[in-house]
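Notes for the structure review
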Amino acid sequence: MAYEEPITDYDYIVENCTCAFCGCNCDDLVYLVKGGNVKGELEDNVVVSGYVDGGHVVGVRHACRLGASKVMEDMDQRLLVPMIRDAEGNLVETDWDTALDKAAELIAGSVRPVFYGWSETSIETMKFGLELGELVGAVLDNQATICHGPSLQAVQNAGYPVMTLGECKNRADMIVYTGNNAMNSHPRHLARYSTFPRGFFRKRGRFDRTVVTMDPRYTDTAKMSDIWVGFEQNGDYEFYNAMRAVLRGKKLQKDVISGIPKEDIEELVESMKQAQFGALFFGLGLTHTLSKQRNIDIAINLIQDLNKFSKWNLIPMRGHFNVNGFNIFMAYEQGFPYGVDFARGYPRYMNGETNTIDLLTREEPDVFMVIAADPGAHFPSGANRHLANIPVIQIDIHWGPSTELADIVLPGSFIAVEAGGTSYRMDGVPIYMKKAISKPETCRDDEWIVNELLKRVQKIKGIAPREASK
Amino acid sequence: MTYVDKPPVPNVVKFDEPNAKKRNKLEVMLNTGSDIYQGACKKRGSTLKDEYRHASGTAYMDPRDMARLGVKNWDKAIVKTAWGEVVVFVAHSRDAPHEGQIFICKGPWANVIVSPETYCCCDPTYKGVPASIEKTDEEPLLMADLMAEVYQKYKKAEDDSNKLGKKPDNNIDWY
């Protein structure tokens, strides 16, 4: 790659910002801001408190490629004004009142609305979203439904031997990545939490740790790990079962299991037993293959068995920065982590019935609200095709594949850059993400948009607003 | 450990491999997921641009499979599954060897061909979908064109430019 000159053309530095990309929520980013006026305290050119009004981020220090690209967004495709689709099928710019009234009318008049998304916005926004969902009897679902949903089901089945990432950094001497490619999807995970950092008990960093990658593909993570276990496609369940059998002192009947010789499985299990503190990180390779939640069940059972010999924990590698936040928030508020259906007036959760993909495949919803998500880019077309039959309301910051299917577009703001908010890291640690610059003048905060929708729906339904939403 | 031996990855696609028999169509296993280039492009918001088509609408193949199919980097291929078909670029996979598997980054292109079947576990089957791949001369569509072609939400009656035939199948009879 060509050498790039360091960025020197900036006016202000905003320190201790949180990255709004993946579940690592790296909270040591430094934004380099050009232009604007500081609303707050300034020491030299470092913004000590407050934010820069009117500036824009020209550079990011410490972030990975993904985080930096997200923070230094593509302003060409930024959604700046609310839009409504006209009879010709073109998105036409409009004012906030018209767009919000139209959206509220659709939501209030719908029989089976689905509010999907929430993972790239703040907990504060979800609070209003939940109130709105309860009021209209909607299904509230987030991206877990297409990524770590089976992990959450497995947690309900088998338990959750969890740790924090700090524990992993200070103690772990054996790291297992299974079914995920952290170097591509969570680039700083190895650098900041698991493999490379020097911890309290792991003074030499990488040299004190053994990294194992289990993946059918020889991924970038596998290339830099000590051991690569390249089991067969869809062979996860059999492989973990074989490992559990060996762990319990059984003899394996077959010579090769899921493409791995049995001697190698025995050797791997022995080294996992010898570890002082082991950490298993699992990704979508386990949840997207055929056995789905049973893969995770067996991985959790394996960790439980390993705890008879040593200390082992696991963490799901959550994708979006607040996907865990929605699950924790919903579990705390309603008792269920995702796919919560309020159609009967009380919260109900039934896998395969109240999840977005199943609802869309059965063509049930009549209004679909997308908030901080992109079903156009990430749902199978068999589910997405129903979005062509129904009105779609989108709250997002960029013109993406979902905008091509949307009827009403409400431009939100960028949490952790243009708006503050709380998010939960992949290990369940809440982090407040601060505001660094001001949002574009014509955009609104997600929190304001959802609250405004709530107030308008309450008005249509003739219900007095509750204290919180006034 | 015996399986620590890391496989060598050839840098050049060889067309004259003695054991590579030329085929017109390959039966493969389709995997989807994310990689760092697709992730960076998507999250920056550059989805309408040509960059996204190359980052996301590309089937990463084993070099030996590419030799068999007679394609080189950035040639075009059509991938067909039980749920649909889509034209994508092909490129040499950085994770090779994985003969008999292709990898398409998640995005509107992969969506057309993955299975919406959740087996009542909420999660569609994005990985391990049986597929076939053939060389083609058609051009992969840009994101906005693809969305219009596939979902036809705002298709005008007289506009007959739909190259993909019928709308994607969700096998609704199963329910």
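Basis of the calculations
Residues numbered from 1 in each chain as written. Chains lettered and ligands numbered in written order. Predicted model: local features only at pLDDT ≥ 70, side-chain atom pairs only at ≥ 80, totals over all residues. Heavy atoms only, no water. Helix = DSSP H or I, 4+ residues; strand = E, 2+ residues; numbered from the N terminus. Buried < 20%, exposed > 50% of the residue type's maximum accessible area, 1.4 Å probe, protein only. Contact = heavy atoms within 4.5 Å. Areas by Shrake-Rupley, 256 points an atom, 1.4 Å probe, with all protein chains shown as cover. Pairing = 2+ DSSP bridges. Axes fitted to C-alpha atoms, helices over the stretch in contact; angles between N-to-C directions. UniProt positions renumbered as here; feature names shortened; annotations may be inferred. Parallel < 35°, antiparallel > 145°, perpendicular 65-115°, else oblique. Left-handed = near helix turned anticlockwise from the far one by under 90°. Expected span 1.5 Å × (residues − 1). Phe/Tyr/Trp six-rings, centres within 6.5 Å; stacked < 30°, edge-to-face > 60°. Salt bridge = Lys/Arg side-chain N within 4 Å of Asp/Glu carboxyl O.

1. Digging into the overall build of chain B
- When its secondary structure is counted, chain B shows 5 helices and 6 strands.
- Helices and strands in chain B line up, N terminus first, as β-α-α-β-α-β-β-β-α-β-α.
- Residues counted as buried form 58% of the 175 residues belonging to chain B.
- Intrachain contacts of chain B at a sequence separation of at least 6 include 76% that bridge at least 24 residues.
- Summed over its atoms, the accessible surface of chain B is roughly 7,700 Å², and 51% of this surface lies on carbon and sulfur atoms.

2. Things to note about the sheet that holds strand 6 (residues 129-135) of chain B
- The 6 strands lie next to each other as 1-5-2-4-3-6 (chain B), forming a closed barrel whose pairing is mixed. Averaged over neighbouring strand pairs, the angle between their axes works out to 45° when direction is ignored.

3. A word on the UniProt feature "domain: Molybdopterin dinucleotide-binding" (unreviewed entry) in chain B
- Look at the UniProt record and you will see "domain: Molybdopterin dinucleotide-binding" (unreviewed entry) annotated at residues 29-128 of chain B.
- Across residues 29-128 of chain B, helical content stands at 29% and strand content at 29%; the span's end C-alpha atoms are separated by 6 Å.

4. Here we look at the UniProt feature "domain: Molybdopterin oxidoreductase" (unreviewed entry) in chain A
- Per the UniProt record, "domain: Molybdopterin oxidoreductase" (unreviewed entry) is annotated on residues 78-456 of chain A.
- End C-alpha to end C-alpha, residues 78-456 of chain A measures 26 Å, and it is 36% helix and 18% strand.

5. Re the pairing of strand 5 (residues 101-105) of chain B
All names here are of chain B.
- Along strand 5, 5 of the 5 residues are buried, which leaves the element largely enclosed by surrounding structure.
- Side chains of strand 5 alternate between two faces, with Gln101, Phe103 and Cys105 and Ile102 and Ile104 buried alike.
- Here strand 1 (residues 25-33) runs beside strand 5; their pairing, made up of 5 bridges, is parallel. Note on strand 5: the bridge partner recorded for Asn31 is Phe103.
- For strand 2 (residues 58-61) and strand 5, the ladder comprises 3 bridges, and the chain directions are antiparallel. Its bridge partner being in strand 5, Met61 is matched across the sheet by Ile102.

6. Some words on the sheet that holds strand 22 (residues 408-411) of chain A
Residues and elements named next belong to chain A.
- Across the sheet, 8 strands lie side by side as 9-8-22-21-20-10-11-19; this open sheet has mixed pairing. In this open sheet, the two strands that pair with only one neighbour each are strand 9 (91-93) and strand 19 (340-341).
- When strand 11 (residues 139-142) meets strand 19, the two strands line up antiparallel, connected through 2 bridges. Across the sheet, the residue bridging to Leu140 is Val340, located in strand 19.
- Relative to the sheet, helix 3 (residues 123-136) contacts strand 10 (113-117), strand 11 and strand 20 (367-371), its axis offset from that of strand 10 by approximately 165°.
- The strands touched by helix 13 (residues 323-334) within the sheet are strand 11 and strand 19, with strand 11 carrying the most contacts at an inclination of about 145°.

7. Structural notes on the packing of helix 4 (residues 149-158) of chain A against helix 12 (residues 293-306) of chain A
Residue and element names in this part refer to chain A.
- At a closest axis distance of 8 Å, the pairing of helix 4 and helix 12 adopts a crossing angle of 45°. When the axis of helix 4 is compared with that of helix 12, the two are oblique. In this structure, the crossing between helix 4 and helix 12 has a hand that is right-handed. Where helix 4 approaches helix 12, its residues Pro150, Ser151, Gln153, Ala154, Val155, Asn157 and Ala158 are matched on the opposing element by Gln293, Arg294, Ile296, Asp297, Ile300, Asn301 and Gln304.

8. Topic: helix 12 of chain A
All names here are of chain A.
- The first and last C-alpha atoms of helix 12 sit 20 Å apart over 14 residues, in line with the 20 Å expected at 1.5 Å per residue.
- With 11 of its 14 residues buried, helix 12 lies for the most part within the structure.
- At its buried positions, helix 12 is contacted by helix 4, helix 9 (236-247), helix 10 (262-274), strand 17 (277-282), helix 11 (284-287) and strand 18 (311-316).

9. Quick look at the packing of aromatic side chains
All names here are of chain A.
- For the coordinates displayed, the defined rule picks out 14 aromatic pairs over all chains.
- With 6.5 Å between their ring centres and 10° between their planes, Trp118 and Phe326 make a pair best called stacked. Pair noted here: Trp118 is in the loop between strand 10 and helix 3 and Phe326 is in helix 13, with a separation of 208 residues, a long-range link. Taken individually, Trp118 and Phe326 each receive the classification buried, so the pair is uniform in this respect.
- A ring pair is formed by Phe239 and Tyr240, whose centres lie 5.8 Å apart and whose planes are at 65°; its orientation type is edge-to-face.
- Each member of the aromatic cluster is reached from another via a ring pair, and the members are Tyr116, Phe368 and Phe379.

10. Structural notes on the pattern of salt bridges
Residues and elements named next belong to chain A.
- A full pass over the atoms with the stated rule returns 49 salt bridges over all chains.
- Glu364 serves as the salt-bridge partner of Arg112, at 2.8 Å between the closest nitrogen and oxygen. Within this pair, whereas Arg112 is found in the loop between helix 2 (96-108) and strand 10, its partner Glu364 is found in the loop between helix 14 (356-361) and strand 20, the two being separated by 252 residues in sequence.
- Between Arg362 and Glu364 there is a salt bridge, with the nearest N and O atoms lying 2.9 Å from each other.
- With a relative accessible area of 23%, Arg362 lands in the partly exposed category.

11. Points about the pairing of strand 24 (residues 430-433) of chain A
Residues and elements named next belong to chain A.
- Side chains of strand 24 alternate between two faces, with Ile431 and Met433 buried and Pro430 and Tyr432 left unburied.
- Where strand 23 (residues 421-424) meets strand 24, 4 bridges bridge the pair, whose relative direction is antiparallel. Across the sheet, residue Gly421 finds its bridge partner in strand 24, namely Met433.
- In this structure, the hairpin formed by strand 23 and strand 24 is closed by a connection of 5 residues, where Gly428 is found at a positive phi of approximately 90°.

12. Focus on unusual backbone geometry
- For Asn16(A), which is not glycine, the phi dihedral falls at a positive 55°.
- Although it is not a glycine, Tyr119(B) sits at a positive phi angle of roughly 50°.
- In this structure Tyr119(B) comes out as partly exposed when scored by relative accessible area, which is 45%.

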